[in-house]
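# Structure assessment
Spelled out from the first residue to the last, the chains are:
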Amino acid sequence: QASKGFPPLPRLSSRVSIAAMKLRMAVLAVATVAVVSTFSAQGHATQDSPVGKALQLISDLQAKIIKEGEGAQKVYAEFTEWCEERSRNVGFEIKTGKAQVSELKALIAQEEATISSLSARVEDLAGEIATDEADLKAATEIRSGEAASFAAEEKELVEVIDTLRRAIGVLEREMKKGGA
């Protein structure tokens, strides 16, 4: 939006726009003061004359523009402060995030090494278990064979003992007959 007598300004940033607005207000204020003082000095400016009314309207407009400019400047300052604070916070969050990424990468590498060593340990234990199961099977077969052999020997010994008892019984009877 170009005012009369002022070329349009390009929108580079909020700061440039505010600076341009301040410049326009200053030029308008100087022009108004110059016109008012010229007319006042010549005695032309009275409240009842059309020029006086026009000057009063310009003065009121100037005050309104200055007040709006101050309000806009206050909003701009608050927004700028918020942006700067947010930028700092985001910067800290980025630093923290990068530090956490490094820590987590180190932790991942450490845990991968732990996984590798534990996987090797699991393989070793699986081999040991297979060996132990084979040994257990062999020992069970040996024990089964020994148990069968023991049972056969026990049966034989029980029969021998039984035979010896009967023989002792027969000998005792024969001794009683022959000794009586």
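Described below are features of the structure shown in this document. (Residues numbered from 1 in each chain as written. Predicted model: local features only at pLDDT ≥ 70, side-chain atom pairs only at ≥ 80, totals over all residues. Heavy atoms only, no water.)

### Quick notes on the side chain of S49
Locating S49 in the fold gives a position in the loop between α1 (14-42) and α2 (50-179). At 3.1 Å, the side chain of S49 and the backbone nitrogen of G52 are in polar contact. (Helix = DSSP H or I, 4+ residues; strand = E, 2+ residues; numbered from the N terminus. Polar contact = N/O pair within 3.5 Å; in protein donor to acceptor, adjacent residues only side chain to side chain.)

### Side note on a negative patch on the surface
Residues E123, D124, E128, D132, E133 and D135 make up a contiguous surface patch of negative charge. Locating D135 in the fold gives a position in helix α2. (Patch = residues over 30% accessible without salt bridge, like charges linked within 9 Å, V, L, I, M, F, W, Y side chains within 5 Å. Areas by Shrake-Rupley, 256 points an atom, 1.4 Å probe, with all protein chains shown as cover. Salt bridge = Lys/Arg side-chain N within 4 Å of Asp/Glu carboxyl O. Lys, Arg positive; Asp, Glu negative; His and termini not counted. Charge placed at Lys NZ, Arg CZ, Asp CG, Glu CD.)

### Comments concerning the pattern of salt bridges
Applying the stated criterion to the full structure yields three salt bridges. Its salt-bridge partner being R86, residue E93 comes within 4.0 Å of it at the nearest N-O pair. Overall, the relative accessible area of 47% leaves E93 in the partly exposed class. Residue classification places R86 among the partly exposed residues on the basis of a relative accessible area of 38%. Linking R166 and D162 is a salt bridge whose minimum nitrogen-to-oxygen distance equals 3.6 Å. (Buried < 20%, exposed > 50% of the residue type's maximum accessible area, 1.4 Å probe, protein only.)

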